[in-house]
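The chain contents come next:
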Amino acid sequence: MLKSKTFLKKTRAGGVMKIVREHYLRDDIGCGAPGCAACGGAHEGPVLEPQPLDPASSLCPRPHYLLPDTNVLLHQIDVLEDPAIRNVIVLQTVLQEVRNRSAPVYKRIRDVTNNQEKHFYTFTNEHHRETYVEQEQGENANDRNDRAIRVAAKWYNEHLKKMSAENHLQVIFITNDRKNKEKAIEEGIPAFTCEEYVKSLTANPELIDRLACLSEEGNEIENGRIIFSEHLPLSKLQQGIKSGTYLQGTFRASRENYLEATVWVHGDTEEDKEIILQGLKHLNRAVHEDIVAIELLPKNQWVAPSSVVLHDEGQNEDDVEKEEERERILKTAVSEKMLKPTGRVVGIIKRNWRPYCGMLSKSDIKESRRHLFTPADRRIPRIRIETRQASALEGRRIIVAIDGWPRNSRYPNGHFVKNLGEVGEKETETEVLLLEHDVPHQPFSQAVLSFLPKMPWSITEKDMKNREDLRHLCVCSVDPPGCTDIDDALHCRELENGNLEVGVHIADVSHFIRPGNALDQESARRGTTVYLCEKRIDMVPELLSSNLCSLRCNVDRLAFSCIWEMNHDAEILKVRFTKSVINSKASLTYAEAQMRIDSAAMNDDITTSLRGLNKLAKILKKRRIEKGALTLSSPEVRFHMDSETHDPIDLQTKELRETNSMVEEFMLLANISVAKKIHEEFSEHALLRKHPAPPPSNYEILVKAAKSKNLEIKTDTAKSLADSLDRADSPTFPYLNTLLRILATRCMMQAVYFCSGMDNDFHHYGLASPIYTHFTSPIRRYADIIVHRLLAVAIGADCTYPELTDKHKLADLCKNLNFRHKMAQYAQRASVAFHTQVPSLKIEDTVFHIFDKVKVKIMLDSSNLQHQKIRMSLVEPQIPGISILADTPNMDSDEPERKKKKHEK
């Protein structure tokens, strides 16, 4: 059956266009109940159970299916994901509304519907002849959708009656909308609120904790005491932003001071981009990463960033007077130059709440169900939750979600989501680390895995189309020990004309991951592989990362090759790019490759190739450094893991050999060569990588550190910085130069991906290169897959697709990739910190110059399980009242705070 809808639309030119929309209605859409005689059991995908026995409900003793409305799906997704909830009918109307309102919840509900054990069935009611409803005159879209949901619920109940009488199956409508529930009951539909239904599940009392706490606006003010000013409605905020009355930006809470935050104003000039907010009322219920509207305060109310460290340690959430006293501490006398533009939050444009990891701070009141949750991230406020499991959750890492923040509440309201495990356990802490850094780490779904090649896999004639056979070349890979995801391999040979041919061969991941499918979408979402101390979170499934795409030795592998003809001075005479088939002759570690190069007894083809590569690499590196490229040390550590327990048993700083530098030089050269090629072909939509030059203020810490040792560091150009770092040596302190280089890395800006058509500045500061991209690691970086696709189109080896040449979509992709890479970096550092507990020490009232040698006694302070710290006491040099004797007993974790603070700044 076909329904047509006609309406008129005004064009930009002022004309009127007639638009006809066709809507097809069908009779053959199944209800999802197996064995349903009425519809012949016609259905696709996961289906409902024929006899749904669980969960047992005191309100609904008969076997039943659940049919939730949009708001239940949006706000009670944690309840719906619980294993106790099964046999749920998800209407097309509801799914479309969720998709429009929350992409994260939409993805979660799609994951649940794909889980066959949950028995969630998607019913396309908008295309079913008996459940489709048209919008009536004077009816808004929301009311029409509510009616469509009720019509579907009523149809289901009547439809299921046609099944065998013994089943007594019914559909229960779940809604938190009072009017919708009343109308449903009037129409004879069994309807309950989510809370009513969950509380009726006598066998699953723990589910009550997962209910979102949704207070209606009118019921917010219970005791008449209002702490915060009202948030302005979105329409007023948008008008104010347009007129310049308000500014829009991202709210960034301080880690060190819970009464202070900054707002980075969007699209503003470089000056005054950062607005400071100070005091509870000015923060006005904004949470870290929210998009907010702020009002600038008059200049006579501007403040300076506070140097006071304030953590919200109090249990009494109602002690607002104490907060005001603390706020007065922040406002110390400062010079006018130190004052910054200051504002207050007037409204929230977009909440960026996520589930938060942390620990329960159990209430002192006996038998209380209301407790405070303390997030692991100090930038997130404490969250008030209700739970019956407080005793069981003490000392454990848990996840909590925020539901809302009433004006009369010191803290936001939330609900318990998940118990992660005992604090301090390796698996628990790793899970927290991944969740807090938003690293996607769930197992790959069946939908993703379905796009992997079927095993056994071999190269076919079709695979060889537009591909060069390079299996005869003496190609080898050089990687860290234990590496299974081998992205790159190299070769070097002398040509008949006396020149050298050098090849970089990169795994052809884009051959296996085709644009737009579930595997491609998941790889794009993950963005990068994350390397933790004891595990690796792959960007692509293991079949690709450690097998079919890994350039292991003595097996045929598909590659993308960048091949140069060079003279013996490493000058490039020609460059070409080709898809290829290679067969690596050796998979070497850096140490093994170095041993071959250094061994006078070895002169085989692999060793000769490595020596040629090493010689050229030295010339390339020298030339790069002369142009101003920076050579900065990074304190990377390598963990030795126990093979059975996977616990770290030893660690060492990574030893860098000539072969490390050899591989790096050719990877850099390949990335630069590919960047030039894709930009020549696609000037508007090449995916490139840039590294902005740091502002002079970034270098202050480095300049001061060097000055403390009477050394001068010049920072006006990358070349002058590189040269002055080369000269910064101390005969009595051989490690000083490395420390200064490590410090220099902390001064750098973040390198970022960008779309060439959306930016003018392509320069890579650290590499002193006018153009750069990432081509050499497609197994572990999604950016490289896009670059491979662009290069393949450029050389005619593959065809393009619309998203590849859409600069706005590419810019959005770059934004996600930059975020994922930053989070991966932070997660990796946090993993090292967790396994090494890297300490830091400052002592008040005593001047210690940077790099001075001291002797300290190290102790672990476990007084706060969530934020365990390494504490140090000074042994040498002896300072009266501060230093301790070397044999002083360990400081007890419950020693008065006064004594602990004496050893810290």
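Cut-offs used in this document
The residue count restarts for each chain, going from 1 along the sequence in the order it is written. In keeping with the model being predicted, local features are shown solely for residues with a pLDDT of at least 70 and side-chain atom pairs are shown and tallied solely at 80 or more, while totals for entire chains, interfaces and linings include all residues. No hydrogens and no water enter the side-chain calculation; it runs on all heavy atoms of the structure. For helices the rule is a DSSP run of H or I covering at least 4 residues; for strands it is a run of E covering at least 2, with both sets numbered from the N terminus onward. Using a 1.4 Å probe on the protein chains alone, a residue whose accessible area is under 20% of its type maximum counts as buried, one over 50% counts as exposed, and one in between counts as partly exposed. A contact between two residues is defined here by any heavy atoms of the two lying within 4.5 Å. Think of it this way: DSSP has to see at least two bridges between two strands before they count as a pair. Under this scheme, a helix contributes an axis fitted over its contacting stretch, all axes are lines through C-alpha atoms, and angles between N-to-C directions fall in the 0 to 180 degree range. Here a polar contact is recorded for every N or O atom pair within 3.5 Å, except that within protein the pair must consist of a potential hydrogen donor and a potential acceptor, and residues adjacent in sequence are included only if both atoms are side-chain atoms. By definition here, a salt bridge exists when the distance from a side-chain nitrogen of Lys or Arg to a carboxyl oxygen of Asp or Glu is within 4 Å. The pLDDT value tells you how sure the predictor is about a given residue, anywhere from 0 up to 100. In this description, the arc belongs to the directions extending from the helix axis to the C-beta atoms. Two rings belonging to Phe, Tyr or Trp (six-membered ring only in the last case) form a pair when the distance between their centres is within 6.5 Å. Interplanar angles under 30 degrees mark stacking, angles over 60 mark edge-to-face geometry, and anything in between is tilted. In this scheme, the term charge over a ring applies when either NZ of a lysine or CZ of an arginine sits within 6 Å of the ring centre and within 35 degrees of the ring normal. In this charge count, Lys and Arg are treated as positive and Asp and Glu as negative; neither His nor the chain ends contribute. Three classes are used, and their members are as follows: Ala, Val, Leu, Ile, Met, Phe, Trp, Tyr, Cys and Pro are nonpolar, Asp, Glu, Lys and Arg are charged, and the others, Gly among them, are polar. Cysteine sulfurs are considered disulfide-paired once they come within 2.5 Å of each other. Expected span of a helix, by definition, is 1.5 Å for each gap between consecutive residues, and there is one gap fewer than residues.

## Notes on the overall build of the protein chain
Secondary structure assignment for the protein chain yields 24 helices and 32 strands. Scored against the burial criterion, the 905 residues of the protein chain give a buried share of 49%. In the protein chain, the share of contacts with a sequence separation of at least 24, taken over all contacts with a separation of at least 6, comes to 68%.

## Observations concerning the sheet that holds strand 9 (residues 260–265)
Reading across the sheet, the 5 strands line up as 10-9-8-11-12 and stay open at both edges, with antiparallel pairing between neighbours. Among the strands making up the open sheet, the edge pair consists of strand 10 (274–278) and strand 12 (343–350). Taken pair by pair, the neighbouring strands of this sheet meet at an average axis angle of 40°, ignoring direction. With 6 bridges joining them, strand 11 (residues 291–296) and strand 12 adopt antiparallel strand pairing. Residue pairing in the sheet places Ile291 in a bridge with Lys350 of strand 12. This element, helix 8 (residues 234–243), spans strand 8 (247–253), strand 11 and strand 12 of the sheet and lies at about 120° to strand 12.

## Some details on the environment of Gln92
Inspection of the secondary structure puts Gln92 in helix 3 (residues 92–101). For Gln92, a relative accessible area of 12% corresponds to the buried category. For the pair Gln92 and Thr122, spaced 30 residues apart in sequence, the C-alpha to C-alpha distance is 6.7 Å. Setting aside anything within four residues of it in sequence, one finds Gln92 in contact with Phe123, Thr124, Asn125, Glu126 and His127. At 3.0 Å, the side chain of Gln92 and the backbone nitrogen of Glu126 are in polar contact.

## Overview of the pattern of salt bridges
Under the criterion given, the structure shown has 50 salt bridges. Among the salt bridges present, the one from Lys199 reaches Glu195, with a minimum N-O distance of 2.6 Å. With Lys199 and Glu195 both in helix 7 (residues 194–199), this residue pair falls 4 residues apart, about one helical turn. Accessibility expressed as a relative area gives 45% for Lys199, which makes it partly exposed. One continuous salt-bridge network, built from bridges that share partners, spans Arg255, Arg354, Asp377, Arg379 and Glu436.

## Considering the confidence of the model for the protein chain
Across the protein chain, the average pLDDT comes to 84, with 83% of residues at 70 or higher. Low confidence marks residues 268–272, where pLDDT is under 50. Its contacts with residues over four positions away, or in another chain, come to 1 contact. Ignoring residues within four places in sequence, the model shows residues 639–653, a span with pLDDT below 50, making 34 contacts including any to other chains.

## Some details on helix 19 (residues 700–707)
Among the residues making up helix 19, those that are buried are Leu702, Ala705 and Ala706. All buried residues of helix 19 lie within an arc of 95° about the axis, which places them on one face of the element. Opposite its buried face, helix 19 presents the exposed residues Lys704 and Lys707, each directed more than 90 degrees away.

## Things to note about unusual backbone geometry
With the exception of glycine, most residues fall at negative phi, and the peptide bonds are largely trans. Cis geometry marks the peptide bond from Met455 to Pro456; its omega dihedral reads -5°. Note on placement: Pro456 falls in the loop between helix 13 (446–449) and strand 18 (468–469). The phi angle at Asp438 is positive, at roughly 55°, despite the residue not being glycine. Tracing the backbone shows Asp438 in the loop between helix 12 (426–436) and helix 13. Phi at Ala768 takes a positive value of approximately 50°, unusual for a residue other than glycine. The topology assignment puts Ala768 in the loop between strand 30 (752–755) and helix 22 (782–794).

## Some words on the packing of aromatic side chains
Considering all chains together, one arrives at 8 aromatic pairs under this definition. On the numbers, 5.2 Å between centres and 80° between planes, the contact of Trp155 with Tyr156 is edge-to-face. For Trp155, a relative accessible area of 9% puts it in the buried group. The class for Tyr156 is buried, based on a relative accessible area of 0%. Feature note: the residues Phe123, Trp155 and Tyr156 constitute an aromatic cluster, connected by ring pairs. Directly above the aromatic system of Tyr753 lies the positively charged group of Arg689, at a separation of 4.5 Å from the ring centroid. The residue whose ring lies beneath Lys690 is Phe754, and the NZ or CZ to ring-centre distance is 5.6 Å.

## Topic: the side chain of Asp463
With respect to the secondary-structure elements, Asp463 resides in the loop between helix 13 and strand 18. No salt bridge is formed by the buried Asp463; its nearest oppositely charged neighbour, Arg467, is found at 6.4 Å. Separated by 3.3 Å, the side chains of Asp463 and His511 make a polar contact. Other than its neighbours up to four places away in sequence, Asp463 contacts Trp457, Ser458 and His511.

## Brief notes about the packing of helix 3 against helix 5 (residues 141–161)
Two numbers describe how helix 3 lies on helix 5: the axes approach to 9 Å, and their chain directions differ by 145°. Contacts from Thr93, Val94 and Glu97 of helix 3 reach helix 5 at Asn142, Arg144, Asn145, Ala148 and Ile149. Partitioned by chemical class, the residues of the contact of helix 3 with helix 5 number 3 nonpolar, 3 polar and 2 charged.

## Structural notes on the environment of Asn816
With respect to the helices, strands and loops of the structure, Asn816 is situated in helix 23 (residues 807–836). Assessed through its relative accessible area of 25%, Asn816 is described here as partly exposed. Considered as a pair, Asn816 and Arg526 are 290 residues apart in the sequence and their alpha carbons are 8.9 Å apart. Those residues within four positions of Asn816 in sequence are excluded, and the remaining contacts are Ala524 and Arg525.

## Some remarks on the state of the cysteines
Tallied over the entire structure, the rule returns 0 disulfides. With no disulfide of its own, Cys474 has Cys476 as its nearest cysteine by sulfur position, at a separation of 6.5 Å. Judged by relative accessible area, Cys474 falls into the partly exposed class, the value being 22%. We note that Cys755 lacks a disulfide partner, and the nearest cysteine sulfur, in Cys814, lies 6.5 Å from it.

## Quick word on the environment of Met602
Summarising the element assignment, Met602 is placed in the loop between helix 16 (590–598) and helix 17 (605–626). In this structure Met602 touches Arg596, Thr607 and Arg611, once residues within four positions along its chain are discounted.

## Re helix 21 (residues 736–747)
The terminal C-alpha atoms of helix 21 lie 17 Å apart, and with 12 residues this matches the ideal 16 Å at 1.5 Å per residue to within 8%. The complete set of buried residues in helix 21 reads Leu736, Asn737, Leu740, Arg741, Ile742, Leu743, Ala744 and Cys747. Next to the buried residues of helix 21 lie helix 19 and helix 20 (718–727).

## Thoughts on the side chain of Asp69
Its place among the elements puts Asp69 in the loop between strand 3 (64–68) and helix 1 (70–75). In this structure, Asp69 is buried with no salt-bridge partner, the nearest side chain bearing the opposite charge being Arg101 at 8.4 Å. Within polar-contact distance, the side chain of Asp69 engages the backbone nitrogen of Asn71 at 3.4 Å. Discounting residues that sit within four places of it in the chain, Asp69 has contacts with Val94, Ile149, Phe173, Ile174, Thr175, Asn176, Asp177 and Asn180.

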